[in-house]
Amino acid sequence: MLKENFNELQIFLVVARERSFTKAAAKLGVSQSALSHAMKALEERLHIRLLTRTTRSVAPTEVGERIIACLEPRIAELEQEFEALVQMNGTPSGNIRLSAGEHAARSLVWPKLKSFLREYPEINVELVVDNSFVDIVEGRFDAGVRLGESVDKDMIAVRIGPDMRMAVVGAPAYFAANSAPETPHELQHHRCINMRLPTAGGLYHWEFEREGKPLRVRVEGQLTLNLLSERIDAALSGFGLACVPGDRVQEYVKSGELIQVLQTWCPLFPGYYLYYPNRKQHPPAFALMIDALRYSE
């Protein structure tokens, strides 16, 4: 039965993934009517309803979901095996999808990818920048980048950057009108530039540590900005204090455009890791990318 319906089952996976016949047809390069006819023929041969169709959406049925759960990992494994076989005696090639947050993408991933892509022009990389905690399996990413403390235990993690330290900074103009805080508790009397957490939806509580004891402080201010570059610009413009990765502001601190405070309260913490699901074998292109991103002291 699988041999007779394999092509249509692959089509079903694309339709279910896209939740749209229109999008799936565009992705597969066929007409929407041909796609609809193929799905109808498959359901009739199997005597199973695989998709629930409405005027606005398409979604897999319960049986359809079970077939997806069975087929997807096996097809993915087959694709990896075929790609590895093709590349054994040829030029490394293939497609890689990565998910990374704004800071990781700008400071680590993209700078390393530039030389990697020049060396391997047949390898295509899609880098999706998203500050939320993306489910890389559900999103069909090959790998993601997160801080070491945030990587799930069932993932393989490869260190791609050094330990990090946050920095609390403000412009000289701000400190001309406000005294520098000596403890994190004094931040409650300052205008601070907030960040809303993309997953939980709450405001980020600034994290500190003293003598091994963690301390989280809720701050307030006129601005809440989700992009790191905007928070740094707001601090440079004198709108208040910002808590940002130290590497992104060290040049501003060195030049005097920003003043850093509370240094002894900001501890080192594990930096960024590339993480991905455990697999028996990776395509050569993916293995080469891991080596290119890997951190070496």
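Everything that follows concerns the structure shown earlier in this document.
A quick note: this is a predicted structure, and the numbers were derived from the prediction, not measured.

Caption draft 1: Summary view of the sheet that holds strand S13 (residues 272–277). The five strands are arranged S4-S3-S5-S13-S6 in an open sheet whose pairing can be described as mixed. Each edge of the open sheet carries a strand with a single partner, namely strand S4 (123–129) and strand S6 (155–159). In this sheet, adjacent strand axes meet at a mean angle of 25° when their direction is disregarded. Of the strand pairs in this sheet, S6 and S13 are connected by five bridges, and their pairing is antiparallel. In the sheet register, Met155 faces S13, and the bridge partner there is Pro277.

Caption draft 2: View of the side chain of Ser99. Tracing the sequence through the fold places Ser99 in strand S3 (residues 94–100). Judged by its relative accessible area of 5%, Ser99 falls in the buried class. Residues in contact with Ser99, not counting those within four places in the same chain, are Val128, Val134, Ile136, Phe141, Ala143, Gly144 and Val145.

Caption draft 3: Up close: the packing of helix H2 (residues 21–28) against helix H3 (residues 32–46). Two elements in contact, H2 and H3, have axes separated by 9 Å at closest approach and are oriented at 105°. In terms of their interaxial angle, H2 and H3 are classed as roughly perpendicular. Residues Phe21, Thr22, Ala24, Ala25 and Leu28 of H2 form the contact with H3, whose participating residues are Gln32, Leu35, Ser36 and Met39.

Caption draft 4: Quick peek at the packing of aromatic side chains. On inspection of all chains with the given rule, the structure shows three aromatic pairs. Here the aromatic rings of Phe116 and Tyr120 are separated by 5.3 Å at their centres, their planes lie at 55°, and the arrangement is tilted. Between Tyr276 and Phe286, the aromatic rings sit 5.2 Å apart at their centres with planes inclined by 90°, giving edge-to-face as the arrangement. Here Tyr276 is found in strand S13, whereas its partner Phe286 is found in helix H9 (residues 284–293), with 10 residues between them in sequence. Like Tyr276, the residue Phe286 is buried in the burial classification. A cation over an aromatic ring shows up here: Arg97 above the ring of Phe141, its NZ or CZ 4.2 Å from the ring centre. Geometry around Trp265 places Arg210 over its ring, the cationic atom sitting 4.5 Å from the centre.

Caption draft 5: Region of interest: the packing of helix H5 (residues 102–119) against H9. At their nearest, the axes of H5 and H9 sit 9 Å apart, and the two run at 125° to each other. The orientation of H5 relative to H9 falls into the category oblique. Crossing handedness for the pair H5 and H9: right-handed. Contacts between H5 and H9 involve Val109, Lys112, Leu113 and Phe116 from the first element and Ala285, Leu288, Met289, Ala292 and Leu293 from the second. Across the contact of H5 with H9, the residue classes tally to eight nonpolar, no polar and one charged.

Conventions we followed
- Residues numbered from 1 in each chain as written.
- Predicted model: local features only at pLDDT ≥ 70, side-chain atom pairs only at ≥ 80, totals over all residues.
- Heavy atoms only, no water.
- Pairing = 2+ DSSP bridges.
- Helix = DSSP H or I, 4+ residues; strand = E, 2+ residues; numbered from the N terminus.
- Axes fitted to C-alpha atoms, helices over the stretch in contact; angles between N-to-C directions.
- Buried < 20%, exposed > 50% of the residue type's maximum accessible area, 1.4 Å probe, protein only.
- Contact = heavy atoms within 4.5 Å.
- Parallel < 35°, antiparallel > 145°, perpendicular 65-115°, else oblique.
- Phe/Tyr/Trp six-rings, centres within 6.5 Å; stacked < 30°, edge-to-face > 60°.
- Lys NZ or Arg CZ within 6 Å of the ring centre and 35° of its normal.
- Left-handed = near helix turned anticlockwise from the far one by under 90°.
- Nonpolar A, V, L, I, M, F, W, Y, C, P; charged D, E, K, R; others polar.

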